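Structural overview
As a plain string of letters, each chain reads:
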Amino acid sequence: MSIYLDHAATTALRPEARDAWLHASQQVGNASSVHAAGRAARRLLEGAREEVAAGLGCEPIEVVLTSGGTESINLALKGLWWAWGGSVVLPDGEHHATLETAEWLHAQGAPIRRVALDAHGAIPVAAFAEALAAGARDAGDGPAPGVATAVVANNEVGTVNDAAGLAAVSAAAGVALHLDAVGAVGQTPVDFAAWRAGARGGAGLVALSVSGHKLGAPAGTGALVVSRHAEPVALLHGGGQQRGLRSGTPDVAGAVALAAALRAAVAEREHTAARLRALRDELVAGVRRAVPDAVLLGDPERRLPGNAHFLFPGARGETLLFLLDAAGVSASTGSACQAGIAEPSHVVMAMGHDEHDARCVLRFTLGRTSDPGDVTALLAALPDAVARSRAAG
């Protein structure tokens, strides 16, 4: 038996993406070359860029193809700070790729202005606006914010933030905003142009990160949407491809596969979300019956449809993880990017829980291949795993 309940870490490769990659990989030619083979590769590349743009609500010229979410986040935050300077507004529950990039920038001299989460793991728009205004009011606050970042949907507890509201207060404050949409695309509506409404030049929403393997595209694919009005500093220099923001020979097959996966994910989003929401509610109700003192974390309503994140008092998350794995059930204690490191969840602590509670959490995430049998198998294995974990102390 093998039950996969860790789709937030990565999900199954979509047949459409696999077939698109295989077809495009047979095309010989560098998309930067001017001969016939190069022009054919270029057509595939630009067709993929147009499809990605359509799926994210932006213009094709604004799509910078990358190797995934981590690269996109690094390019956005470093590039924007190098261009704008000032302090960086950073909510407490961001993905480690964002937190560690911000820590690196801090070591380079960037002041960090933290924003506390609420009890459900959401970024309060009012608190975000307050942090954006810091420095502009009082010179004693240090330099005014130049760059801000926020996750559209929390990758651990699944809470969906008010992206439009965060973008609006950033525009009003004249601060460049990056949104991490890695966990949101394909599960909840993402519309770069709509969220950017009211922005002025390089202020407001200017960048948005996406990762292919969360959508069913191959690992190593992704994109960063960069407003045509923004000019962040590039991390890579060379041939000047992609507006000079990411030089290097483009991965045509990867771009085509990403476009196919995104197109399919967006087309089926509403239907899949409704199905997963119902399946998730069955999972939540079953966990509560099996372990009555389990606590569902995250917003009970504004959350990703396939996310169920639980606190199991007295049961260490890593112990539960291994016991469930032995029973054939794959889950997660948090971000897969921190795999192999037994540490308390920074997101759970940012929601007001102590370190002990933050070590007693487990995340179950459903995806398009999930079915009721997966939930049944989890609920059969969970009570024994919790009891054994608690007995082990």
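Cut-offs and rules
Residues numbered from 1 in each chain as written. Predicted model: local features only at pLDDT ≥ 70, side-chain atom pairs only at ≥ 80, totals over all residues. Heavy atoms only, no water. Helix = DSSP H or I, 4+ residues; strand = E, 2+ residues; numbered from the N terminus. Rg over C-alpha atoms; globule rule 2.2 N^0.38 Å. Contact = heavy atoms within 4.5 Å. Lys, Arg positive; Asp, Glu negative; His and termini not counted. Charge placed at Lys NZ, Arg CZ, Asp CG, Glu CD. Pairing = 2+ DSSP bridges. Axes fitted to C-alpha atoms, helices over the stretch in contact; angles between N-to-C directions. Salt bridge = Lys/Arg side-chain N within 4 Å of Asp/Glu carboxyl O. Buried < 20%, exposed > 50% of the residue type's maximum accessible area, 1.4 Å probe, protein only. Patch = residues over 30% accessible without salt bridge, like charges linked within 9 Å, V, L, I, M, F, W, Y side chains within 5 Å. Areas by Shrake-Rupley, 256 points an atom, 1.4 Å probe, with all protein chains shown as cover. Expected span 1.5 Å × (residues − 1). Polar contact = N/O pair within 3.5 Å; in protein donor to acceptor, adjacent residues only side chain to side chain. Phe/Tyr/Trp six-rings, centres within 6.5 Å; stacked < 30°, edge-to-face > 60°. Lys NZ or Arg CZ within 6 Å of the ring centre and 35° of its normal.

Concerning the overall build of the protein
- When helices and strands are counted, the protein shows 13 helices and 12 strands.
- Taken over C-alpha atoms, the radius of gyration comes to 21 Å for the protein, in line with the 21 Å a tight globule of 393 residues would show.
- Counting only C-alpha atoms and orienting by the principal axes, one finds that the protein spans roughly 65 × 60 × 35 Å.
- Here the analysis covers contacts within the protein between residues at least 6 apart in sequence; of these, 76% occur between residues at least 24 apart.
- In the protein, the 31 positive side-chain charges and the 39 negative ones have mean positions that sit 5 Å from each other.

A short note on the sheet that holds strand S9 (residues 295–297)
- Strand order in the open sheet formed by three strands is S9-S10-S12, and the pairing between neighbours is antiparallel. Each having just a single partner strand, S9 and strand S12 (361–365) make up the two edges of the open sheet. Direction aside, the axes of adjacent strands within the sheet are offset by 35° on average.
- Bridge analysis of strand S10 (residues 307–311) against S12 gives five bridges, and the strand direction is antiparallel. Directly across from Asn307, in S12, lies its bridge partner Thr365.

Some thoughts on the pattern of salt bridges
- Here the structure, examined in full by the defined rule, presents 14 salt bridges.
- We note a salt bridge from Asp293 to Arg390, for which the minimum N-O separation is 3.0 Å. Of this pair, Asp293 sits in the loop between helix H9 (269–290) and S9 while Arg390 sits in helix H13 (residues 372–391), and the two are 97 residues apart along the sequence.
- Here Glu355 and Arg359 are joined by a salt bridge, their closest N and O atoms 3.2 Å apart.
- A residue is classified by how much of its surface remains accessible, and Glu355, at 43% relative accessible area, is partly exposed.
- A single salt-bridge network, built from bridges that share partners, covers Arg42, Glu46 and Arg49.

Focus on the sheet that holds strand S7 (residues 204–211)
- Strand order in the open sheet made by the seven strands is S2-S8-S7-S6-S5-S3-S4, with mixed pairing throughout. Looking along the sheet, the strands with just one partner apiece sit at the ends: strand S2 (63–66) and strand S4 (112–115). Across the sheet, the axes of successive neighbouring strands diverge by a mean angle of 20°, strand direction being ignored.
- Pairing between S2 and strand S8 (residues 222–226): four bridges, direction antiparallel. Counterpart to Val64 in the pairing with S8 is Leu224.
- Where helix H2 (residues 36–56) meets the sheet, its contacts fall on S2, S7 and S8, and the angle it forms with S2 comes to roughly 110°.

Quick notes on a nonpolar patch on the surface
- A surface patch of nonpolar side chains, amounting to about 270 Å² of accessible area, comprises Trp82, Trp104 and Val233.
- Turning to its location among the elements, Trp82 is positioned in helix H3 (residues 69–84).
- Judged by its relative accessible area of 37%, Trp82 falls in the partly exposed class.

Section: unusual backbone geometry
- In this structure, Gln242 takes a positive phi of about 55° despite not being glycine.
- Within the secondary structure, Gln242 sits in the loop between S8 and helix H8 (252–267).
- Positive phi is not limited to glycine here, since Arg243 has a value of about 60°.
- For Arg243, a relative accessible area of 33% translates into the label partly exposed.

Brief notes about H8
- Given a rise of 1.5 Å per residue, 16 residues ought to cover 22 Å, and the 23 Å separating the end C-alpha atoms of H8 matches this to within 8%.
- Judged by how many residues are buried, H8 sits mostly within the fold: 13 of 16 residues are covered.
- For H8, the side-chain oxygen to backbone nitrogen distance between the N-cap and Ala253 is 3.5 Å, and the N-cap itself is Asp251.

As for the packing of aromatic side chains
- This structure, assessed with the given rule, holds two aromatic pairs.
- Both rings, one in Trp82 and one in Trp104, keep their centres 6.2 Å apart while their planes meet at 75°; by these two values the pair is edge-to-face. Of this pair, Trp82 sits in helix H3 while Trp104 sits in helix H4 (residues 96–107); the two residues are 22 residues apart in sequence, bridging distant segments of the chain.
- Using a relative accessible area of 36% as the deciding quantity, one classes Trp104 as partly exposed.
- Across the ring face of Trp104, the terminal group of Lys78 is positioned such that the distance to the ring centre comes to 4.5 Å.

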